[in-house]
Amino acid sequence: MLSFEGVRAAFFVWFNGRLVGYSQDSCTAAEFNVTPFLTGDRQQQQISLQVYRWCDGSYLEDQDCWRLSGIYRSALVHLVPEWSIVDCSLKASLDLACEHQGRLHVSVRIGNLERLTDSESNNPHPELFASQGCDTDKHSTLHAKLRVRVADGDSKQLVAMAEKALELTHCDNTFELDAIVVPNVRAWSCEQPNLYDVIVELLALESEPSLHCVEETIGFRYAAIANDRYNRSTH
């Protein structure tokens, strides 16, 4: 995977002379699957960028600051496993019926980067690039398991866990876990920013080796407007 943590304001990227993809959003990281573009000599690979100072998103990014273009954050190449967690969405909330109980909704996208084409895995505008399709015959079905663990951010003690058996038959799969109940949750607030660590792990079903693991930090809070008043959680 080729990652750019910050490029302003938009850019095209080539890998070994072949167009890989396009990205815009100066403050969000962009990742590209460059596996299909590797050459025989893996010690020498060429990366080229065409960076634009302005794009149609520049208006939305208009802040009181110097508008300088270029690569202003780190760029790196890193190795990910064949089956990996491509995206993970976490939504934490407080159960209004029980003040000290939290709920965590998890949505995970799992992909096989060797089977995803460049247009499927890299680009928000796939119409700009030719798709080669998904090679469904290259790999057999993978039986796996998704495990989500929630730990207290301070003590690191495990407070909740959930698992789900998966059958990965396509190169791009999305799964959702039922709401994970976190008992005796400490709510997040400005005065007491209590945080929790969430570890999302993809495991092979038979021997349970970890295929891929990601970790995020979340907080549980409540905020709403009721009767013309702004209500929020305390602690």
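As the structure is a computational prediction, the values presented were derived from the model and not from experiment.

Q: Any chance you could break down the overall build of the chain for me, citing the residues and the numbers?
A: Within the chain one finds one helix and 17 strands. Relative to all contacts within the chain whose residues are 6 or more apart in sequence, the contacts with residues 24 or more apart total 62%. Carbon together with sulfur atoms contributes 48% to the accessible area of the chain, which is approximately 14100 Å² in total.

Q: Outline the sheet that holds strand 4 (residues 18-24), listing residues and values.
A: The strand order across the open sheet built from three strands is 4-3-6, with neighbouring strands paired in antiparallel fashion. The sheet is open, and its two edges are formed by strand 4 and strand 6 (47-52), each paired on a single side. When strand polarity is set aside, the average angle formed by the axes of neighbouring strands in this sheet is 20 degrees. Of the pairings in the sheet, the one linking strand 3 (residues 10-15) to strand 4 comprises six bridges and is antiparallel in character. Note that in strand 4 the partner of valine 13 across the bridge is glycine 21.

Q: How would you explain the packing of aromatic side chains if you had to name every residue and give the values?
A: Per the stated rule, a full pass over the model turns up seven aromatic pairs. Geometrically, the ring pair formed by phenylalanine 4 and phenylalanine 32 is edge-to-face, given 6.3 Å between the ring centres and 75 degrees between the ring planes. Taken as a pair, phenylalanine 4 in strand 1 (residues 2-4) and phenylalanine 32 in strand 5 (residues 30-32) lie far apart in primary sequence, 28 residues in all. This pair shows no difference in class: phenylalanine 4 is buried, exactly as phenylalanine 32 is. Seen in terms of ring centroids, phenylalanine 12 and tyrosine 52 are 6.1 Å apart; in terms of plane orientation they differ by 70 degrees. Their pairing is edge-to-face. Of this pair, phenylalanine 12 sits in strand 3 while tyrosine 52 is found in strand 6, placing the two residues 40 residues apart along the sequence. We classify tyrosine 52 as partly exposed; its relative accessible area is 32%.

Q: Explain the pattern of salt bridges to me, and be specific about the residues and the numbers.
A: This model, assessed by the stated rule, comprises nine salt bridges. In this structure, arginine 67 engages aspartate 62 in a salt bridge whose closest nitrogen and oxygen atoms are separated by 3.0 Å. Residue lysine 156 pairs with aspartate 197 through a salt bridge whose shortest N-O separation is 2.7 Å. Of this pair, lysine 156 sits in the loop between strand 11 (142-152) and strand 12 (158-168) while aspartate 197 sits in strand 14 (residues 196-204); the two residues are 41 residues apart in sequence, bridging distant segments of the chain. Taken together, the salt bridges that share partners define one network made up of Lys145, Arg147 and Glu163.

Q: Please provide a residue-by-residue account of the sheet that holds strand 11, values included.
A: As summarised here, the arrangement of the four strands in space is 12-11-14-15, forming an open sheet in which the pairing is antiparallel. Of all strands in the sheet, those bounded by a partner on one side alone are strand 12 and strand 15 (210-218). Across the sheet, the axes of successive neighbouring strands diverge by a mean angle of 15 degrees, strand direction being ignored. As paired strands, strand 14 and strand 15 are joined by eight bridges and run antiparallel to one another. Its bridge partner being in strand 15, valine 198 is matched across the sheet by glutamate 216.

Q: Tell me about the environment of glycine 153, and please be specific about residues and values.
A: Tracing the backbone shows glycine 153 in the loop between strand 11 and strand 12. Here the alpha-carbon distance between glycine 153 and aspartate 197, two residues 44 residues apart in the chain, equals 5.5 Å. Setting aside chain neighbours within four positions, we find glycine 153 in contact with Leu195, Tyr196 and Asp197.

The rules behind each value
- Residues numbered from 1 in each chain as written.
- Predicted model: local features only at pLDDT ≥ 70, side-chain atom pairs only at ≥ 80, totals over all residues.
- Heavy atoms only, no water.
- Helix = DSSP H or I, 4+ residues; strand = E, 2+ residues; numbered from the N terminus.
- Contact = heavy atoms within 4.5 Å.
- Areas by Shrake-Rupley, 256 points an atom, 1.4 Å probe, with all protein chains shown as cover.
- Pairing = 2+ DSSP bridges.
- Axes fitted to C-alpha atoms, helices over the stretch in contact; angles between N-to-C directions.
- Phe/Tyr/Trp six-rings, centres within 6.5 Å; stacked < 30°, edge-to-face > 60°.
- Buried < 20%, exposed > 50% of the residue type's maximum accessible area, 1.4 Å probe, protein only.
- Salt bridge = Lys/Arg side-chain N within 4 Å of Asp/Glu carboxyl O.

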